[in-house]
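# Structural characterization, general
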Amino acid sequence: MQVILSILPGFLFLLFICGRLSASADKQPNILLLTADDLGWDSLGCMGNQLEGLSPNLDRLASEGLLIKHAYIATPICGPSRQALYTGRFPQSTGMLGHGAQPPNWWKSDNTNTDTQSITSLLLESGYLTSMIGKHGSDWCRFSIPPHGRNEQTGMGRDPEKYLQFSRDFFTRAKKEGKPFFLSANTHDPHRYWARHSDETSGWIKNMMGDGKWKPFANGKPYPDPKTRFDPKDCPVPAPYPNEAKIKANLTSYYGSVNRMDQVVGGILDALKESGLANDTVVIFLSDHGMAWDLSKWSLYPSGVRTPLIIRWPNQIKTGRIDEHSLVSVVDIAPTIAELCGLPRMKTSDGKSFSSLLTGQHANWKRQSAFSCFNYMNNDPKMDESVRSYSSDLAKQFEQYRPSRALNEKNFCYVWNGWSNGTATLPKTMLGEFHGMLDDLAKNQSDSEYGDYLKTKNFIECRVPEELYDLAKDPACRENLSSELHYQKTLQSFRQGMKKVLRKTQDHELENYLSFLNNQ
Ligand SMILES: [Ca+2]
């Protein structure tokens with residue numbers, strides 16, 4: 001029996017490749033999963049960003065494989081977003097709702113998450129050599145080589161040389177052992193604090209590095225500055241933000257960090273090429289969510305939940321393919337990897353394998369919308385521990401719990417904010433740098449482009465219960481159409497879709513959503 005189980009993945013894989021992909025793929029592929037931290041969907045050259053020299057390595061990677069332009073993450077904060085990536089399950093299915101100890105005590109009494117699988121552990125069990133470098137955050141993943149995630153091991157996730165060295169050693173070991181590999185390599189760039197930003201202080205670095213031993217670079221930091229220093233006037237402004245000098249000055253710093261993230265990726269890809277394993281390796285790149293400003297990170301608009309998704313598999317995926325039409329959710333990635341590697345279907349995943357898109361068979365892919373949610377940051381564990389069980393008025397009792405649910409389509413974004421009642425606000429710890437700039441920006445009387453900054457400030461703090469945006473006309477999500485007569489049919493369709501997802505995933509906020517709809 002044991003023999004049959006050990007050869008089963010390879011047998012299933014042969015069935016798979018004979019059916020769908022080129023016969024030249026005669027063994028289980030390696031997987032190199034690359035993630036950026038807090039990278040906006042439109043912050044790469046291949047996704048349309050016009051800043052010259054921003055992301056040469058990722059642009060080249062995209063040109064060598066498939067770029068899926070409409071991919072969406074599950075929740076716009078680091079830890080739970082990555083949990084969803086590895087498990088193929090939404091936060092409400094695993095209970096991985098925020099940072100810190102998860103699931104929280106108050107989540108579900110029946111612990112329905114115990115059968116959760118992770119793609120990492122499944123590959124390990126099937127004989128893959130597995131490891132991880134940089135930011136991770138999944139309690140479900142086990143590795144054959146211990147995770148390499150401490151700040152002194154990675155230069156706070158920002159030192160290209162440390163990533164290159166680790167990757168080189170890992171690929172060498174995989175070759176020596178003759179095993180297929182899974183490597184998850186995750187930069188901390190472009191997470192705040194951004195390169196050369198005034199907040200990037202020695203005190204912050206000291207605090208982040210803790211007691212770890214490290215040797216400073218010439219700049220006094222445990223990582224080098226980006227090779228490129230962009231001119232603020234050249235920096236494109238993402239849709240939600242005004243085209244103001246103060247905004248552009250901050251974006252210079254953000255784009256510098258994006259550029260260093262690209263350098264980290266370039267080093268890992270060089271190491272892969274040197275190893276001679278590149279032709280047998282599926283490289284996947286995505287971000288864990290949008291940039292760390294209000295209206296992006298922590299938000300469910302495309303600026304918060306949309307990500308570039310690049311997949312390269314030499315000789316299997318045609319080079320230079322751009323998929324503008326298909327819509328993919330992050331929960332689809334683990335089931336896709338499982339299929340490509342010949343593993344049995346992931347039973348508990350909320351997603352489906354999109355392997356048909358790799359060969360251009362779009363007709364077989366039916367996803368019309370992508371679900372995303374926000375629950376809480378859990379940045380106050382004591383407050384979290386004070387709540388023993390879930391109740392429908394949790395958002396009223398518990399300031400940091402701010403449940404929102406969204407469906408994104410290519411042309412529309414629908415959001416329900418279960419906590420918003422006109423007076424409740426986001427906790428102060430969730431109000432970011434852009435929010436902090438709004439009082440100052442409001443003094444600019446000459447700005448005719450952006451409108452009322454103080455209205456935006458109030459909106460960020462309080463939101464409204466239901467939002468609908470026509471993205472073709474309003475990519476910045478500034479004009480809420482949920483009350484407009486012309487859009488009622490679209491609104492009803494999203495409400496039906498939302499009910500379906502919440503029911504299917506047994507979301508703990510389902511009853512609150514139904515109650516909201518009953519009162520409309
Ligand atoms: Ca993140």
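Thresholds, definitions, all that
Residues numbered from 1 in each chain as written. Predicted model: local features only at pLDDT ≥ 70, side-chain atom pairs only at ≥ 80, totals over all residues. Core = buried A, V, L, I, M, F, W, Y, C linked by C-beta atoms within 7 Å. Buried ≥ 20, exposed ≤ 12 C-beta atoms within 10 Å, placed from the backbone. Domains from an automatic or database assignment. Contact = placed C-beta atoms within 7 Å. Helix = DSSP H or I, 4+ residues; strand = E, 2+ residues; numbered from the N terminus. Pairing = 2+ DSSP bridges. Axes fitted to C-alpha atoms, helices over the stretch in contact; angles between N-to-C directions. pLDDT = per-residue confidence, 0-100. Expected span 1.5 Å × (residues − 1). Arc of directions from axis to C-beta. Parallel < 35°, antiparallel > 145°, perpendicular 65-115°, else oblique. Left-handed = near helix turned anticlockwise from the far one by under 90°. Nonpolar A, V, L, I, M, F, W, Y, C, P; charged D, E, K, R; others polar.

The next subject is the nonpolar core. Within the largest apolar cluster, 125 residues are counted, with the highest numbers of intra-cluster contacts made by Leu34, Ile268 and Ile284. Counting contributing residues, this core receives three or more from each of domain 1 (28–100 + 114–316 + 323–364) and domain 2 (371–518). For Ile284, the residues in contact, after removing those within four places along its chain, are Leu33, Leu34, Ile311 and Ile333.

Attention now goes to the pairing of strand E5 (residues 281–287). Counting buried residues in E5 gives seven out of seven residues, a clear majority hidden from the surface. Burial along E5 is two-sided: Thr281, Val283, Phe285 and Ser287 and Val282, Ile284 and Leu286, pointing in opposite directions, are all buried. Taken together, the seven bridges between strand E1 (residues 30–36) and E5 define a ladder with parallel strand orientation. By the bridge assignment, Ile31 is partnered in E5 with Val282. The pairing of E5 with strand E6 (residues 306–312) spans four bridges and is classified as antiparallel. Bridging from a neighbouring strand, Ile284 pairs with Ile311 of E6.

Moving on, we get to the sheet that holds strand E2 (residues 66–72). With respect to topology, seven strands assemble into an open sheet ordered E3-E4-E1-E5-E6-E2-E7, the strand pairing being mixed. Whereas interior strands pair on both sides, the edge strands pair on one side only; in this sheet they are strand E3 (129–134) and strand E7 (321–329). The sheet shows a mean angle of 15° between the axes of neighbouring strands, taken without regard to direction. With six bridges connecting them, E3 and strand E4 (residues 181–186) associate as parallel partners. Note on E4: the bridge partner recorded for Ile133 is Ala185. Along the sheet face, helix H2 (residues 56–63) touches E2, E5 and E6 and points at about 60° away from the line of E6. The strands touched by helix H7 (residues 160–177) within the sheet are E3 and E4, with E3 carrying the most contacts at an inclination of about 180°.

Across the protein chain, the average pLDDT comes to 93, with 94% of residues at or above 70. Residue range residues 1–7 is modelled with pLDDT below 50. Its contacts to residues more than four positions away, or to other chains, number zero contacts.

Residues Asp189 and Pro190 are joined by a peptide bond in cis, for which omega reads -5°. On the secondary structure map, Pro190 appears in the loop between E4 and helix H8 (202–209). Across the junction of Arg192 and Tyr193, the peptide omega takes the value 0°, indicating a cis bond. Positionally, Tyr193 belongs in the loop between E4 and H8. At Arg196, a residue that is not glycine, the phi angle is positive and equals roughly 65°.

Turning next to the domain arrangement of the protein chain. Domains assigned within the protein chain are domain 1 (28–100 + 114–316 + 323–364) and domain 2 (371–518). Contacts between the two partners involve 35 residues from domain 1, matched on the other side by 39 residues from domain 2. Of all the secondary-structure elements, those providing two or more residues to the side of domain 1 that touches domain 2 are E2, helix H4 (91–94), helix H10 (302–305) and E7. With three residues, the single largest contributor to the side of domain 1 that touches domain 2 is H4.

To continue, consider helix H17 (residues 488–504). For H17, spanning 17 residues, the distance from its first C-alpha to its last is 24 Å, which sits close to the expected 24 Å at 1.5 Å a residue. Three or more residues of H17 are buried, namely Phe494, Arg495, Met498 and Leu502. Viewed end-on, H17 has its buried residues packed into an arc of 105°, placing them on one side of the element. Projecting away from the buried face of H17 at angles above 90 degrees are the exposed residues Lys489, Gln492, Gln496 and Arg503. Close packing links the buried residues of H17 with strand E9 (401–408), strand E10 (412–417), strand E11 (466–470) and helix H18 (510–518). Where H17 ends, the next residue or the one after it, Gln506, has phi of about 50°, a positive value.

What follows concerns the environment of Glu339. Residue placement: Glu339 occurs in helix H11 (residues 333–340). Sequence separation between Glu339 and Lys352 is 13 residues, and the spatial gap between their C-alpha atoms is 9.8 Å.

Let us look at the packing of H7 against helix H9 (residues 245–275). Remark: H7 packs on H9, axes separated minimally by 8 Å, with the N-to-C direction vectors making an angle of 25°. Taken together, the axes of H7 and H9 lie roughly parallel to each other. In terms of crossing hand, the pair formed by H7 and H9 is right-handed. The segment H7 lies against H9, with Pro160, Tyr163, Leu164, Ser167, Arg168, Phe171, Thr172 and Lys175 engaging Gln263, Val264, Gly267, Ile268, Asp270, Ala271, Leu272, Glu274 and Ser275. Taken together, the residues that form the contact of H7 with H9 break down as eight nonpolar, five polar and four charged.

Packing of helix H15 (residues 433–441) against helix H16 (residues 453–462) leaves a shortest axis separation of 8 Å and a crossing angle of 155°. Judged by the angle between their axes, H15 and H16 are roughly antiparallel. H15 and H16 meet at a crossing whose hand is left-handed. Across the interface between the two elements, His435, Leu438 and Leu441 of H15 pack against Tyr453, Leu454, Thr456, Lys457 and Ile460 of H16. Of the residues in the contact of H15 with H16, the class split is five nonpolar, two polar and one charged.

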